[in-house]
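Reading the structure
Listed below, chain by chain, are the residues.
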Amino acid sequence: MAIAGTLIKAAIHLQQYIIPETEHAGEEQTKQLRSLLKKASDTSFGKFYGFENLLKSPNIKSDFVQKVPIHDYETISQRWWCRSLEGEKDICWPGRVQFFALSSGTTGNKSKRIPVTQDMLKSIQKTSLQQILSLTHYNLPVDFYEKDILLVGSSTSLSDKGVYKEGEISGISAYNIPEWFNNYYKPGNDIAGISNWEEKVDAIIKKAPEWDIGAMAGIPAWYQVMMQRIIDYYGLETIHDIWPNLQVYASGGVAFEPYRKNFDKLFGKPVHVTDTYLASEGYLAFQCRPDTNAMKLNLDAGIYYEFVPFTEHNFDSEGKIKPNPEIHLLEEVEENCDYAIVISTCSGAWRYLIGDTIRFTNKARHEIIITGRTKHFLNVAGSQLSIEKLNAGINHLQETFDIKIADFLVSAIEYQEGFAHKWYIGSNDPADNQLLKNSLDHYLKEINKNYKGAREKALKDVFVEIVPPDFFYQYHVKYKTAGGQSKTPRVMKKEQFQQFEALVETLSQTQR
């Protein structure tokens, strides 16, 4: 059954999924908080923090802040979620948690396990439908809604741990996909269940000519690999030679801009690129209109938001939150300020510091962009380079030197009684490392005064090395992080960086 027929048949049921107006977003968020507290009032967490009394408060938002502390993963997991992992029920959310989402592990630490409840799965499905309906704003032709949608994420073959199943959030979501969606969902359950990324791509390549893909969604690093493999296998010029009706790509996981130039090479026709914000903790936002690159916060699907200004007053030099941070509610945020996002959800995350930093670009529409991670910024010698600034630097190189960059990473290294930044940039285009270094260094000094100050003191130098994009792919293959929700960490810690450098040396020797 085509998607148009499915949506028409289900139209009366889809009324609840129409994207709500945000004129009274503060009131909507109060409603969400009350609903969350009420449903969790009889849980162990709810009893400990007195949710019943909070529900009687005339100042429920401020009292919630005073009563319940902010949690990071370690604090909430070691005290509460660990009990759900043991199979106990009614810990942070009613019932027994059936699924746990493994984090992508970009920090290099052991994977985190985030609870995913049935209510959260409903929330994700609701937001996904809102996203589909938002495509009506893009003036797409009618027959677009009859095309297949390709979702290439992590494996739907979840690990059975006895009392729960675990996998990455994209795999858990696909495992619980609504039956009606199977009519146009590709690559289908059999291929989606393949755990090995290489085998999954090989299976997709063989099936690719049979599909009429109109839209695809997933992390750009893996889509560029998959599309290039399809193009090479069939001797094509672009992906549109095999999927001529591809018109929408929903990006997620990382900022898309550094990949845009490479995707333009893979596409043969214009494609609408939209951003999504599906984290292990929930589907937080998605781009719902074409004249912006910002995403609209999901305000009515079991998620309550708070925002901590990402400043030295609230966070230390390592990105750890300080005691008694300043809290802004949704109605109190300002545009063009970076905030660390704190959420309470229908999965039993309570005042949970998710680790991302965001910025409101349009307060009235509650639209945001992701600017980085609280612990993923390069702050050696006080340089304070956010992921946003690193991405901007890469975009600058692509435009200045007309090169296509498929991936990149940077790390701080000890150098001349101080430090240096070392960049690895994945590109097949010829470029001079020294020219790239000089241009990048000059540009970052212009856009970041802290970086400029650091370069005058302890940040002694910058190094840039162009390597084949395949080196990044081989790194993920070697350490079993290829595909799914895994992403190349833009800022690598020392141990990971040494592993990457060792692999670069090995691969370089084989190519000499």
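Residues numbered from 1 in each chain as written. Predicted model: local features only at pLDDT ≥ 70, side-chain atom pairs only at ≥ 80, totals over all residues. Heavy atoms only, no water.

**Observations concerning the pattern of salt bridges**
Scanning the model with the defined rule gives 24 salt bridges in all. Here Lys161 and Glu166 are joined by a salt bridge, their closest N and O atoms 3.8 Å apart. Each member of the salt-bridge network shares a partner with another, and the members are Arg113, Lys161 and Glu166. (Salt bridge = Lys/Arg side-chain N within 4 Å of Asp/Glu carboxyl O.)

**Details of empty space enclosed by the protein**
What the rule picks out here adds up to two cavities of 30 Å³ or more. Counted as a void, the second largest cavity has a volume near 40 Å³. What lines the second largest cavity is Trp81, Ser84, Cys92, Trp93, Val97, Pro115, Ser347 and Gly348. (1 Å grid on protein atoms, 1.4 Å probe; cavity = no way out; pocket = protein on both sides within 12 Å on 5 of 7 lines; lining within 4 Å. Points joined across faces, edges and corners; volume = space filled by probe spheres on them.)

**Notes on the confidence of the model for the chain**
Detailed reading of predicted coordinates is not advised where the pLDDT is low. For the chain, per-residue confidence averages 89 on the pLDDT scale, and residues scoring 70 or more make up 94% of the total. Mean pLDDT values for the elements of the chain range from 42 in helix α2 (residues 11-14) up to 98 in helix α4 (residues 44-48). Taken as a whole, residues 1-5 scores under 50 in pLDDT and shows 13 contacts with residues more than four places along the chain or in a different chain. Segment residues 8-17 is flagged for pLDDT under 50; beyond a separation of four residues in sequence, or across chains, it makes eight contacts in the model. (pLDDT = per-residue confidence, 0-100. Helix = DSSP H or I, 4+ residues; strand = E, 2+ residues; numbered from the N terminus. Contact = heavy atoms within 4.5 Å.)

**A closer look at helix α18 (residues 494-511)**
Taking 1.5 Å as the rise per residue, α18 with 18 residues should run 26 Å; its terminal C-alpha atoms sit 26 Å apart, in good agreement. Those residues of α18 that sit buried are Gln496, Phe497, Phe500, Leu503, Val504, Leu507 and Ser508. Buried residues of α18, viewed axially, fall in a sector of 135°; they line one side. The outward face of α18, more than 90 degrees from its buried face, is lined by the exposed residues Lys494, Glu495 and Thr510. At its buried positions, α18 is contacted by β16 (407-415), β17 (418-426), β18 (459-467) and α17 (469-478). (Expected span 1.5 Å × (residues − 1). Buried < 20%, exposed > 50% of the residue type's maximum accessible area, 1.4 Å probe, protein only. Arc of directions from axis to C-beta.)

**Focus: the sheet that holds strand β5 (residues 165-167)**
Pairing in this open sheet of four strands is mixed, and the strands run β2-β1-β5-β4 from one edge to the other. At either margin of the open sheet sits one strand with a lone partner, and together these are β2 (113-116) and β4 (159-160). Across four bridges, the pairing between strand β1 (residues 99-102) and β2 is antiparallel. Paired with Phe99 across the strands is Val116, a residue of β2. Running over the sheet, helix α7 (residues 73-85) touches β1 and β2 and is turned about 55° from β2. (Pairing = 2+ DSSP bridges. Axes fitted to C-alpha atoms, helices over the stretch in contact; angles between N-to-C directions.)

**As for the packing of aromatic side chains**
Overall, the coordinates contain 36 aromatic pairs when judged by the stated rule. Seen in terms of ring centroids, Phe45 and Trp80 are 5.1 Å apart; in terms of plane orientation they differ by 65°. Their pairing is edge-to-face. With Phe45 in helix α4 and Trp80 in helix α7, this pair connects stretches of sequence that are 35 residues apart. Overall, the relative accessible area of 4% leaves Trp80 in the buried class. (Phe/Tyr/Trp six-rings, centres within 6.5 Å; stacked < 30°, edge-to-face > 60°.)

**Looking at the side chain of Ser411**
Tracing the chain through its elements places Ser411 in strand β16. Judged by relative accessible area, which is 2%, Ser411 ranks as buried. In this structure the side chain of Ser411 is engaged in a polar contact, spanning 2.8 Å, whose partner is the backbone oxygen of Met492. Discounting residues that sit within four places of it in the chain, Ser411 has contacts with Ala420, His421, Lys422, Met492, Lys493 and Phe497. (Polar contact = N/O pair within 3.5 Å; in protein donor to acceptor, adjacent residues only side chain to side chain.)

**Overview of the nonpolar core**
Side chains of nonpolar character tend, in soluble globular proteins, to be buried together. Tyr277, Phe307 and Trp350 are the most contacted members of the largest nonpolar core, which has 58 residues in total. Among the nonpolar cores identified, the runner-up in size contains 34 residues, and Ile205, Ala221, Met227 and Trp243 belong to it. (Core = buried A, V, L, I, M, F, W, Y, C linked by side-chain atoms within 4.5 Å.)

**Description of the sheet that holds strand β13 (residues 338-345)**
Within the open sheet, the 11 strands sit side by side as β6-β3-β7-β8-β9-β10-β11-β15-β14-β13-β12. Their pairing is mixed. Edge strands, defined here as strands with exactly one partner in the open sheet, are β6 (185-186) and β12 (303-309). In this sheet, strand β14 (residues 352-362) lies alongside β13 in antiparallel orientation, the contact comprising five bridges. Its bridge partner lying in β14, Val342 is registered against Leu353. Taken strand by strand, helix α8 (residues 118-134) contacts β8 (248-252), β9 (272-279), β10 (282-286) and β13, and its axis lies near 20° from that of β10. Against the sheet, helix α12 (residues 220-234) makes contact with β3 (148-151), β7 (213-218) and β8, and its axis sits at roughly 135° relative to β7, the strand it touches most.

**Remarks on the packing of α17 against α18**
One can describe the packing of α17 onto α18 by two numbers: an axis separation of 10 Å at closest approach and a directional angle of 120°. If you check the angle between α17 and α18, you find them oblique. Crossing of α17 against α18: the hand is right-handed. Contact residues: α17 offers Phe471, Phe472, Gln474, Tyr475 and Lys478, while α18 offers Gln496, Gln499, Phe500, Leu503, Val504, Leu507, Ser508 and Gln511. By residue class, the composition of the contact of α17 with α18 is seven nonpolar, five polar and one charged. (Parallel < 35°, antiparallel > 145°, perpendicular 65-115°, else oblique. Left-handed = near helix turned anticlockwise from the far one by under 90°. Nonpolar A, V, L, I, M, F, W, Y, C, P; charged D, E, K, R; others polar.)

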